[in-house]
Amino acid sequence: MHEVSKQTIETAQKHAQQSIEHSEHIQELGKSLETNHQREPEQEERIKAFGETMHEHAQKFKDLADRLTEDPSTELYSEVVTEHIKVNEAHIKAIKEFKKKQ
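Residue positions are counted from 1 within each chain, in the order its sequence is given. Reporting in this predicted model follows two pLDDT cut-offs: at least 70 for local features of residues, and 80 or more for side-chain atom pairs to be given and counted; totals over whole chains, interfaces and linings ignore these cut-offs and use all residues. With hydrogens and water set aside, each side-chain value is computed from the structure's full complement of heavy atoms.

## Points about the overall build of the protein chain
- Elements are defined by DSSP. Helices are runs of H or I of four residues or more, strands are runs of E of two residues or more, and each kind is numbered from the N terminus. Helix and strand counts for the protein chain come out as three helices and zero strands.
- When the helices and strands of the protein chain are placed in sequence order, the string is α-α-α.
- Across its three principal directions, the C-alpha atoms of the protein chain cover 55 × 15 × 15 Å.
- In the protein chain, buried positions account for 35% of the 102 residues.
- Should any heavy atoms of two residues lie within 4.5 Å, those residues are counted as being in contact. Look at the contacts in the protein chain between residues 6 or more apart in sequence, and 71% of them connect residues 24 or more apart. Throughout this description, buried means an accessible area under 20% of the type-specific maximum (1.4 Å probe, protein chains only), exposed means over 50%, and partly exposed covers the range between.

Below is the structure:
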């Protein structure tokens, strides 16, 4: 059985924590748009929702990355990478929504 290196685990954990923090920033952006009325309400809600989706996947990303210390299997690491991809997909959607014209 192949195992993931300690350095890779530490990098995944660090990146997962950064993803959580970034998702919180996206959620805050959606909230700040609400108070500034810079966008249509539906657009603000979609941005917040993408931030929430990011956060959910980022938290799962972190939980799985933390489990790698006990189970450094490539199977678990594959799950970690999948959650990371889902975080990025939600982030891209949030950016596209933010860039839309009012």
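## Section: the packing of helix H2 (residues 41–67) against helix H3 (residues 74–99)
- Two numbers describe how H2 lies on H3: the axes approach to 8 Å, and their chain directions differ by 165°. If you check the angle between H2 and H3, you find them roughly antiparallel. Crossing geometry of H2 relative to H3 is assigned as left-handed.
- Under the grouping applied here, Gly and all other residues not named as nonpolar or charged are polar, the nonpolar ones being Ala, Val, Leu, Ile, Met, Phe, Trp, Tyr, Cys and Pro and the charged ones Asp, Glu, Lys and Arg. Of the residues that constitute the contact of H2 with H3, the class distribution is 13 nonpolar, five polar and eight charged. For helices, the fitted line uses only the C-alpha atoms of the stretch in contact; every axis is such a line through C-alpha atoms, and the angle between N-to-C directions lies from 0 to 180 degrees. An angle below 35 degrees is treated as roughly parallel, one above 145 as roughly antiparallel, one from 65 to 115 as roughly perpendicular, and anything else as oblique. Crossings are assigned a handedness: left-handed for a near helix turned anticlockwise from the far helix by less than a right angle, right-handed for a clockwise turn.

## Details of the environment of Met-54
- Assignment of secondary structure puts Met-54 in helix H2.
- With a relative accessible area of 1%, Met-54 lands in the buried category.
- Separated by 21 residues in sequence, Met-54 and Leu-33 place their C-alpha atoms 18 Å apart.
- When sequence neighbours within four positions are dropped, the list of residues in contact with Met-54 reads His-22, Ser-23, Ile-26, Val-87, Ala-90 and His-91.

## A look at H3
- Here a helix's expected span is defined as the number of its residues, less one, multiplied by 1.5 Å. When the terminal C-alpha atoms of H3 are compared, their 37 Å separation across 26 residues agrees well with the 38 Å that a helix rising 1.5 Å per residue should span.
- For H3, the full list of buried residues reads Leu-76, Val-80, Glu-83, His-84, Val-87, Ala-90, Ala-94 and Glu-97.

## Remarks on the environment of His-91
- Structurally, His-91 can be placed in helix H3.
- Here the alpha-carbon distance between His-91 and Thr-8, two residues 83 residues apart in the chain, equals 23 Å.
- Setting aside residues up to four positions removed in sequence, His-91 forms contacts with His-22, Ile-26 and Met-54.
- A 3.5 Å cut-off defines polar contacts: any pair of N or O atoms within that distance qualifies, except that in protein one atom must be a possible hydrogen donor and the other a possible acceptor, and neighbouring residues in sequence count only when both atoms are side-chain atoms. At 2.9 Å, the side chain of His-91 forms a polar contact with the side chain of His-22.

## Examining the confidence of the model for the protein chain
- Each residue carries a pLDDT score, the predictor's confidence in it, ranging from 0 to 100. When pLDDT is averaged across the protein chain, the result is 90; 91% of the residues are at 70 or more.
- Considering each helix and strand of the protein chain separately, the mean pLDDT is smallest for helix H1 (residues 6–36), with a value of 89, and largest for H3, with 95.

## What to know about the environment of His-15
- On the secondary structure map, His-15 appears in helix H1.
- If sequence neighbours within four positions are ignored, His-15 has contacts with Phe-61 and His-84.

## A closer look at the side chain of Gln-43
- Relative to the elements of secondary structure, Gln-43 occurs in helix H2.
- Excluding residues within four positions of it along the chain, Gln-43 makes contact with Glu-97, Phe-98 and Lys-100.

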